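Architecture and fold: a report
If you want the building blocks of each chain, they are given just below.
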Amino acid sequence: MLKEITVTVNGEKHTLEVEPRLLLVHMIREVLNLTGTHIGCDTSSCGACTILMDGKSIKSCTVLAVQANGKSLTTIEAVAVNGELSALQEGFKENHGLHCGFCTPGMIMRATELLANNPNPTEEEIRWGISGNLCRCTGYNNIVKAVIYAGAKMRGEELPSTEPQFV
Amino acid sequence: MIPQSFQYESPGTLEEAIKLLHQYGEEAKILSGGHSLIPMMKLRFATPEVLVDINNIPGLSHIVEENGKMKIGGLTRESELEHSAALAKIFPIFKDVTKLIADPQVRNRGTIGGNLAHGDAANDHPAVMLALNATVIATGAEGSREIPIDEFFFGFYSTALQFGEILTEIQIPIPPTGTGSAYHKLERKVGDYATAGVAVQITIGDDGIVKAAGIGLTNVNPTPLRAVRSEQALIGKPLTEHSIAEAALYASEDCSPSADLRGSEEYKRAMVAVLVKRMIHEAANRASNN
Amino acid sequence: MNKCKTSKEIGGMGHSLKRKEDIRFIQGKGHYVDDIKLPGMLYMDIVRSPYAYAKIKKINIEEAMKVPGVVAVVTGRDLEKYNLHWMPTLMSDTQMVLPTDTVMYQAQEVAAVIATSRYAARDGREAVKVDYEKMKPVIDPYKSMDPDAPVLRTDKAGKKDNHIWHWEAGDKAKTEAVFASADVVVKEQMHIPRIHVASIETCGCVADYDKINNHLTMYMTTQAPHAIRTVIALVAGHVGLTEEKIRVISPDIGGGFGGKVPVYPGYVIAIAVSFLVGKPVKWIEDRSENLQADSFARDYHITAEMAGTKDGKILATRFKILADHGYTDASANPSKFPTGMFSIATGSYDYDTSYMECDAVYTNKPPGGVAYRCSFRVTEAVHAIERMTDRFALEIGKDPADLRMENFIKKEDFPWKSPTGWIYDSGDYHKGLLKAMDAVGYWELRKEQAEKRKKGELMGIGLSTFTEIVGAGPSKDFDILGIKMFDSAEIRVHPTGKAIARFGTKSQGQGHETTYAQIIAEELGIPAENIQVEEGDTDTAPYGLGTYASRSTPTAGAAAAMASRKLVAKARKIAAYLLEVSEEDLEWEPGKFWVKGAPEKSKTIQEIVFASYTNHPQGMEAGFEATHYYDPPNLTFPSGAYICVVDIDKETGGIHVRRFVAIDDCGNIINPMIVQGQVHGGLTQGIAPAMYEELIYDEDGNILNGTLMDYLVPTAVESPSWETGHVITPSPHHPIGAKGVGESPTVGAPPAIANAIVDALSPFGITHLDIPITPAKVWKALKDKGAI
């Protein structure tokens, strides 16, 4: 039996008829064709599907589309506004915070909430803050660096060097 | 991984939810945070016919101090517990435990009620609730009833919640000054279920005598376990290395862990002892600073 | 006078140019296989075996066919009609696509359900009922050769046991003689665990067969699109799918690490179904399917021995391996190298005697043996030699850093011939280790450790000074299924001086769109930003063997330089014509030719390119294009010196990696930022098997950790803050002196970590622990020695 839901995605309101079992991530990817949100596991372990629901980062593979009824969702596609990258997007690019790019949208969505709650996190807080997102490529060093860079940018402070540091 | 089809109900009131649970009986499951249930449904280990989503019921999410009790709504999210200043002041154990539950996104969804009602000895809140002597409020067709936490956990994945009842609130007695609490679990990696976890709350009088002690154990027993002999080993005397060692030993003897990928039975018993010792120290430290 | 921009200004070599590809990834505009949606596309889901070894008595598809949306259920019997039920492996073994009568490992493909939606396909999968007759599986490789072990490969005529092959290298008699007379012999039994690449994107494809034109477009997660096209043609040529009718497109890949080299049954089934129904078929595996059925890596049981003098001179090594290949030998190795490059196990040390042998066996486990971020079994080799080097140092009471310094091959001794016949191209091992020791403060740490030991605290320092062997490979020795392991570059410069360059490799995150552009920029003087790099489409890119085993820079990177040089040669002719001088009178600097003695007379590369289309010399071919297929004269031998410092909680066995310093020598560096990123990532993939990851099976062949809840991929919390650096000894035979780097850290890190942990525990008589070294394992070792 289909359920009608109304959901605002990236500022645009959609009224959809969905099966109750439709996973939110499939609604986003396959109904709305927003393929920037990815799927990397079955067990809410990897975080590739992270989006914002009413400003909170959630794993959209473990939420039903019907549960998003009346909610406002933000996906990676709406993070840059009018072609202007967000501080985090810039941070990831400038600091080599990505390799294959598959985990990147989830990482950026998660870090968006992290910085909203804690504008000046320590390295330790960043590491724990992204512990629900797996990256198999970067070893995380440069993701941490990207988040630190974005925090500084958002606070209007001097930006840390993006050059690689070697011992 | 995709769940089997089901009917979805999203009641706007508690009464309606309870009515639906009665209507669909065994076929219905309550959907709270969903981070245990939905993965099980995706793997088709759980195939409920009906989901009753309680997320849209107002009044189930709160953290308030009232009449000497801390009242926490069943639908309160882990992230709200994690960032609650009111909780942090009186129960530092909540910061300890929430940081170790799954990950930030899961904590944005997961609820304390769901964590308890799942009846899983691997979950972390049961041990904490045992240490804090909480009372569970269950609401059903006949109204609400209080269930002391010691009577709540029954067996493997089963609790005292009756058919048609919803866990609506947890009430924790506000302890006297001189109380401290702490939780830690050993985990293979962040977000994992505990290899062993220990929750301790301890009250030390001005005279240095331990007035009260609560010790709960995570994932080392078929059900969440209160370490009764360990508590008794502490109460009524000053805290000494000897009494702490005794408490640690008793807990490791009284639990009943099973060997799995997280470690052997022997290892887990030993870790219970280590953690009981460490958490008593940590709780006592906090008690003396309180 | 034309002033050339500097190398840095044009994004040439040696500069940390920001990556060109990132702009799409950070905005969710990467284009991965599961993002492809074609009109009329069907979805495939796969029924998998719950048992490790069983006869299939009956497959009942009736209920499945009743599920709304299900259009077909395909079994091995269906494929058998077209002779598509078996396929060759890369090691010339055979593998079932779908079984007709027996399943050989848990999670093996049994049937495929085709439906109009992903959800219907899954419902159909649940509704397929299979009757099995369980059989007792062979799980322990040590028991697979027992006389009473069932012979698993009954499909192979005359096969009487589970032995696959025997391999050996080195000099057995000489090695035995040295061991017999040596002062000191140390020996350890070690297991390099079965692990999984677990790239965050799983595998999948969209097979799109066009019946009218008899043409297949195969979008798939592959690191080697060209080789895959050839394999498809070999498998399906007999039904009319010949190679010119096949186009393989590898779009953005969400991590590969070797796991996207093999041909999995799912791909072949999707092709077969699309071929039969004439519609596109999408197959995307779940994470559990990925972990449980896709190729594993490692799984070598090694008996390792080292002989030496009592003052610390390494004299000889001996390694005896038992390789558990699972149900078939589906390793991804060059064909003549069944153990890959394991014979690099003699290490970075100057001695001349070694013998090694390997026996490979079948078991009822999934097949595999991929080169997981490792140039074909180098991880196993490096773990063995680096563990044994520390073991030897412990035995004679010598500091492991001193022992290494005294035994290293000297930089003036390169090229150096190893006891197993490799010619190491270049290196400066002393310099690398000294730099790592300085960076970490080695001798202060040893002092701190001595103090801590007095107090009963456990602290360990571990070293790994490894030599890698990458860039396969020279055509005289290296091929896969007969195809030589060259790689290619094709550069096409447009009239306005902007270029497109295409390669036979395929980035899965390595940043080829940036680094290849940098090589060409450096060679030609065309800014990197004006060079578009394309890979992964077999219709447009030149043939190559793909990206794995750190081979992209050594092969295709070299091809980029060589193709560029062909263009410079052509440019010289055009410049001579335009400037009306002879070619010998011209000087080249990247970006322009100028006349000797008259630097004001010059032509920029852009002017020359334009002329090649508008005003080229009569008799010369128009246009500005070059292609090069690079056949490397030798492999390259990157090296590294890694130092790990751990603190161990004696009561819990908890291991804290306090410091990890990695000094790599990958020759000349194209992009320091990207090289560092590769090293960071590889180090985390090194700590993973060292402390967390292993695929674990019970005695019935059930996998015990087939999801990411139990297969412990490290998060940012487990991953230490890596400290990295480099020394540079260019490869003398590579056109740009580069060696390749992607895998060094994955290869070098595990023994550094294991050595650090064992070093911490050594006062209690602990000499070895198998990876992954978990707190529970440490605790048990301490307990067994009476330390707690």
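Quantities reported herein were computed from a predicted structural model and do not represent experimental measurements. (Residues numbered from 1 in each chain as written. Chains lettered and ligands numbered in written order. Predicted model: local features only at pLDDT ≥ 70, side-chain atom pairs only at ≥ 80, totals over all residues. Heavy atoms only, no water.)

Focus on the nonpolar core
C:Ile302, C:Phe342, C:Trp422, C:Phe660 and C:Ile757 are the most contacted members of the largest nonpolar core, which has 126 residues in total. A per-element tally of this core places helix α17 (residues 744-761) of chain C first, with nine residues. When near neighbours in sequence (up to four residues on either side) are disregarded, C:Ile302 contacts C:Glu188, C:Gln189, C:Met190, C:Ile192, C:Phe319, C:Lys320, C:Ile321, C:Phe342, C:Glu380 and C:Ala384. Ranked by size, the runner-up nonpolar core spans 52 residues in total, among them A:Cys41, C:Ile200, C:Leu708 and C:Ala716. (Core = buried A, V, L, I, M, F, W, Y, C linked by side-chain atoms within 4.5 Å. Buried < 20%, exposed > 50% of the residue type's maximum accessible area, 1.4 Å probe, protein only. Helix = DSSP H or I, 4+ residues; strand = E, 2+ residues; numbered from the N terminus. Contact = heavy atoms within 4.5 Å.)

Points about the interface of chain B and chain A
In this complex, chain B contributes 31 residues to the contact, which on the side of chain A involves 30 residues. Three residues stand out in chain B for area buried against chain A, namely B:Tyr8, B:Gln105 and B:Arg109, and they jointly supply 24% of the buried area on that side. Counting every contact that joins chain B to chain A gives one salt bridge. A salt bridge links A:Lys59 to B:Asp103; the nearest nitrogen and oxygen atoms lie 2.6 Å apart. Contributing elements (two or more residues each) for the side of chain B that touches chain A: β1 (7-9), α2 (37-42), β3 (50-53) and α6 (104-109) of chain B. Ranked by the residues each element gives to the side of chain B that touches chain A, the list is headed by α6(B), at five residues. (Buried area = accessible area lost by both parts, 1.4 Å probe. Salt bridge = Lys/Arg side-chain N within 4 Å of Asp/Glu carboxyl O.)

Focus on the domain arrangement of chain B
Taken domain by domain, chain B consists of domain 1 (7-53), domain 2 (63-173) and domain 3 (179-285). Here domain 1 of chain B and domain 3 of chain B have C-alpha centroids that lie 35 Å from each other. (Domains from an automatic or database assignment.)

Observations concerning the pattern of salt bridges
All names here are of chain C. Applying the stated criterion across every chain, the model contains 91 salt bridges over all chains. Of the charged contacts, one joins glutamate 289 and arginine 125 as a salt bridge, the two residues approaching to 3.5 Å between their closest N and O atoms. Note that glutamate 289 is positioned in helix α8 (residues 287-293) and arginine 125 in helix α4 (residues 118-127), a separation of 164 residues in sequence. Two residues, glutamate 523 and arginine 565, come together in a salt bridge whose shortest N-O distance is 2.9 Å. Note that glutamate 523 is positioned in helix α13 (residues 512-524) and arginine 565 in helix α14 (residues 552-579), a separation of 42 residues in sequence. Residue classification places glutamate 523 among the buried residues on the basis of a relative accessible area of 13%. What makes arginine 565 partly exposed here is its relative accessible area of 33%. Members of the salt-bridge network, linked through shared partners, are Asp45, Arg48, Glu109, Arg122, Arg125, Glu126, Asp286 and Glu289.

Description of the domain arrangement of chain C
Residues and elements named next belong to chain C. On domain assignment, one finds that chain C holds domain 1 (22-30 + 487-630), domain 2 (33-135 + 203-284) and domain 3 (378-472 + 635-784). Put simply, the middle of domain 1 and the middle of domain 2, counted by C-alpha atoms, are 40 Å apart. With 21 residues of domain 1 at the contact, the number on the domain 2 side is 22 residues. If you sort the residues of domain 1 by the area they bury against domain 2, Gln508, Thr538 and Tyr543 come out on top, with a joint share of 40%. The interface formed by domain 1 and domain 2 contains three salt bridges. With its nearest N and O atoms 2.8 Å apart, the salt bridge here joins aspartate 252 to arginine 24. Across the domain 1-domain 2 interface, the total number found is 14 residue pairs in polar contact (both at pLDDT 80 or more). Residues that form the side of domain 1 that touches domain 2 fall into these classes: seven nonpolar, nine polar and five charged. (Polar contact = N/O pair within 3.5 Å; in protein donor to acceptor, adjacent residues only side chain to side chain. Nonpolar A, V, L, I, M, F, W, Y, C, P; charged D, E, K, R; others polar.)

A closer look at the sheet that holds strand β6 (residues 102-103) of chain C
Residue and element names in this part refer to chain C. Spatial ordering of the open sheet is given by β6-β2-β8, a layout of three strands whose pairing is antiparallel. The two strands at the open ends of the sheet, each matched to only one other strand, are β6 and β8 (129-134). Two strands pair when backbone bridges link them, and strand β2 (residues 54-60) and β6 are joined in this way by two bridges, in the antiparallel orientation. Paired with lysine 55 across the bridge in β6 is threonine 102. (Pairing = 2+ DSSP bridges.)

Concerning the side chain of A:Ser86
Here A:Ser86 lies in the loop between β5 (72-74) and α2 (87-94). Judged by relative accessible area, which is 18%, A:Ser86 ranks as buried.

Side note on the sheet that holds strand β28 (residues 592-595) of chain C
Residue and element names in this part refer to chain C. The three strands lie next to each other as β27-β28-β29, forming an open sheet whose pairing is antiparallel. With one partner strand each, in any of the chains shown, β27 (586-589) and β29 (598-604) form the two edges of the open sheet. Neighbour-to-neighbour, the strand axes of the sheet open up by a mean angle of 30 degrees, direction not taken into account. Relative to β29, β28 runs antiparallel, the two being bridged by four bridges. In the sheet register, phenylalanine 593 faces β29, and the bridge partner there is lysine 603. (Axes fitted to C-alpha atoms, helices over the stretch in contact; angles between N-to-C directions.)

Considerations on the interface of chain A and chain C
At the interface, 56 residues of chain A touch 67 residues of chain C. Taking both sides of the interface into account, the surface hidden between chain A and chain C amounts to around 5000 Å²; carbon and sulfur atoms contribute 56%. Of all residues in chain A, A:Lys93, A:Arg136 and A:Val167 bury the most surface against chain C, accounting for 18% of the area lost on that side. Counting across the chain A and chain C interface gives five salt bridges. Listing elements by their share of the side of chain A that touches chain C, those giving two or more residues are α1 (24-31), α2, α3 (104-117), α4 (123-129) and α5 (141-154) of chain A. Ranked by residues supplied to the side of chain A that touches chain C, first place goes to α2(A) with four residues.

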